[in-house]
Amino acid sequence: MTRLIDLPTLAAFVHERGAARCMTELATELRADFLRWESFDKSARTASHSPRGVIELMPVADDALYSFKYVNGHPGNPAGGLPTVMAFGVLAEVRTGYPLLLSELTLTTALRTAATSALAAQALARPGSRRMALIGNGAQAEFQALAFHALLGIRELRVYDTDPAATDKLVRNLAHVDDLTVERAASTAEAVRGADIVTTVTADKSRATILTPAMVEPGMHLNAVGGDCPGKTELHPDVLRGARVVVEYEPQSRVEGEIQQLPADHPVTELWRVLRGDAPGRTRADEVTVFDSVGFALEDYSALRYLYQQAQARGLGVDVELVPTDDPKDLFGRTRGASVQGRTRLRRVA
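### Re the nonpolar core
As a rule of thumb, soluble globular proteins bury nonpolar side chains together. One finds Met23 and Phe34 to be the most contacted residues of the largest nonpolar core, which totals 71 residues. Aside from chain neighbours lying at most four places away, what touches Phe34 is Leu119, Leu271, Trp272, Leu275, Leu298 and Glu299.

Next comes the structure, spelled out in structure tokens:
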């Protein structure tokens, strides 16, 4: 049987366990998988672009497990009542191709993206960083705030969004977090002034300039999350030219990341090399560092593996008969009536 984890099931799990704890545990799984980078069969994601957004497939595998994620990015969706990002994914055995897990990945993507951001910042931000600016206060914002609070000790958060309602939502959702102060800013420039870390997580599918060189101070770490497809960026190219840039998977980031604005030979470092100690992260206190985060399939693999572990340990989700499990040569027999009587019914877990 295939284990199914739907959104209500996962949301209940995250509520019970705590988002910060989930992201801390995810960061551990992510680090472990990045450290065995060469074990994976990797490729850039396949993207289908349209004027309103993009739909992508993100596969990766090692010798034992294969995973993929279906994910979209449609910035105009909230106006019609839909999320900008929606996703689901599968974890399967390589040996047989059997699907072990079918899971929602919309909430999970938010968790793993923030966990990856914080994991990278542990290597790239100045030690003792306590102040972060958060530009873009939409669906990803709370996760970024909680991950950096839990994993880096961020205590002061200055936030800005062109939509005041998004900031209202963020402030409301973070009001219960101990030892974290949240301050509204009137502009991006005001928000980033004096910050140790700047996280940009905006959604417009355009060549935006959220951060300019004049806003960047010596020693800042920039966590650029929103630029994640061709023609979609957040940083002025001169910010990148003056910084040490770390990416997830260079072939994909050259097309989709902030570095799409730079020549193909501009030097960047892949995150796994920094985590493994093969390349330095931050080299001096006044260096500006950038994590050019576009999201890579290995992160979804880690997240799906984590969810499958939780499902096995805690009974998370339900088993469904997604593929035939009886006579492998008699598929037509499943249509003859008798064999469908015991079929597992899908149920929604509150």
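### Some details on the sheet that holds strand 2 (residues 46-50)
Pairing within the open sheet is mixed, and its seven strands lie in the order 2-3-4-5-6-1-17. This sheet does not close on itself; its edge strands, each paired only once, are strand 2 and strand 17 (318-320). Going across the sheet, the axis of each strand differs from the next one's by a mean of 15 degrees, ignoring polarity. Where strand 2 lies against strand 3 (residues 53-61), five bridges are found, and the strand directions are antiparallel. What sits directly across from Ala47, in strand 3, is Glu56. Strands in contact with helix 3 (residues 106-124) are strand 3, strand 4 (65-73), strand 5 (87-93) and strand 6 (99-104); relative to strand 6, the strand with the most contacts, it is inclined by about 85 degrees.

### Quick notes on the environment of Glu256
Considering the arrangement of structural elements, one finds Glu256 in helix 8 (residues 250-256). Given a relative accessible area of 4%, Glu256 falls into the buried group. Put simply, Glu256 and Asp168 are 88 residues apart on the chain and 30 Å apart in space, counted from C-alpha to C-alpha. Contact partners of Glu256, with chain neighbours within four places excluded, come to Arg45, Glu56, Gly227, Asp228, Cys229, Pro230, Lys232 and Val294.

### Topic: the environment of Gly231
In this structure, Gly231 sits in the loop between strand 12 (221-224) and strand 13 (233-235). Residue Gly231 is classed as partly exposed on the basis of its relative accessible area, which comes to 28%. The spacing of Gly231 and Asp161 is 70 residues in sequence and 21 Å in space, taken between C-alpha atoms.

### Some details on the pattern of salt bridges
Applying the stated criterion to the full structure yields 26 salt bridges. Note that Arg3 is salt-bridged to Asp319, the shortest N-O span being 2.8 Å. Placement of Arg3 in strand 1 (residues 2-5) and of Asp319 in strand 17 is noted, with a sequence separation of 316 residues between them. Arg3 sits in the buried class, given a relative accessible area of 16%. Beyond isolated ion pairs, a larger network of salt bridges with shared partners links Glu29, Asp33, Arg36, Asp62 and Arg305.

### A look at the pairing of strand 9 (residues 181-184)
Bridge analysis of strand 8 (residues 156-160) against strand 9 gives four bridges, and the strand direction is parallel. Looking at the pairing, Leu157 lines up with Val182 of strand 9. The handedness of the strand 8 to strand 9 crossover, carried by helix 5 (residues 164-174), is right-handed.

### Here's the deal with the sheet that holds strand 10 (residues 197-200)
Within a beta sheet, neighbouring strands are joined by backbone hydrogen bonds and run either parallel or antiparallel to one another. Strand order in the open sheet made by the eight strands is 9-8-7-10-12-16-14-15, with parallel pairing throughout. Taken across any chain shown, the strands that pair with only one partner, and hence form the sheet edges, are strand 9 and strand 15 (269-270). Sheet strands touched by helix 3: strand 12, strand 14 (244-247) and strand 16 (289-292). Its angle to strand 16, the strand with the most contacts, is close to 155 degrees. Here helix 4 (residues 141-152) sits on the sheet and contacts strand 7 (131-135), strand 8, strand 10 and strand 12; the angle it forms with strand 7, its principal contact strand, is near 165 degrees.

### Thoughts on helix 10 (residues 297-314)
Between the first and last C-alpha of helix 10 there are 25 Å, a value that for 18 residues agrees with the 26 Å anticipated at 1.5 Å per step. Downstream of helix 10 by one or two residues, Gly315 has phi in the positive range, about 70 degrees.

### Observations regarding helix 5
Among all positions in helix 5, only Ala166, Thr167, Lys169, Leu170 and Leu174 are buried. Seen along its axis, helix 5 keeps its buried residues to an arc of 160 degrees; they face one direction. Turned more than 90 degrees away from the buried face of helix 5, the exposed residues are Pro164 and Arg172. As for helix 5, its buried residues are in contact with strand 7, helix 4, strand 8 and strand 9.

### Concerning the packing of helix 2 (residues 19-34) against helix 10
With their axes 9 Å apart at the nearest point, helix 2 and helix 10 run at an angle of 125 degrees to one another. It follows that helix 2 is oblique to helix 10 by the angle criterion. Crossing handedness for the pair helix 2 and helix 10: right-handed. On the side of helix 2, the interface is formed by Cys22, Glu25, Leu26, Glu29, Leu30, Asp33 and Phe34, while helix 10 contributes Leu298, Glu299, Tyr301, Ser302, Ala303, Arg305, Tyr306, Gln309 and Gln310. Classifying every residue of the contact of helix 2 with helix 10 by side-chain character gives eight nonpolar, three polar and five charged.

Analysis parameters
- Residues numbered from 1 in each chain as written.
- Predicted model: local features only at pLDDT ≥ 70, side-chain atom pairs only at ≥ 80, totals over all residues.
- Heavy atoms only, no water.
- Core = buried A, V, L, I, M, F, W, Y, C linked by side-chain atoms within 4.5 Å.
- Buried < 20%, exposed > 50% of the residue type's maximum accessible area, 1.4 Å probe, protein only.
- Contact = heavy atoms within 4.5 Å.
- Pairing = 2+ DSSP bridges.
- Helix = DSSP H or I, 4+ residues; strand = E, 2+ residues; numbered from the N terminus.
- Axes fitted to C-alpha atoms, helices over the stretch in contact; angles between N-to-C directions.
- Salt bridge = Lys/Arg side-chain N within 4 Å of Asp/Glu carboxyl O.
- Right-handed = clockwise from strand over helix to strand, strands pointing away.
- Expected span 1.5 Å × (residues − 1).
- Arc of directions from axis to C-beta.
- Parallel < 35°, antiparallel > 145°, perpendicular 65-115°, else oblique.
- Left-handed = near helix turned anticlockwise from the far one by under 90°.
- Nonpolar A, V, L, I, M, F, W, Y, C, P; charged D, E, K, R; others polar.

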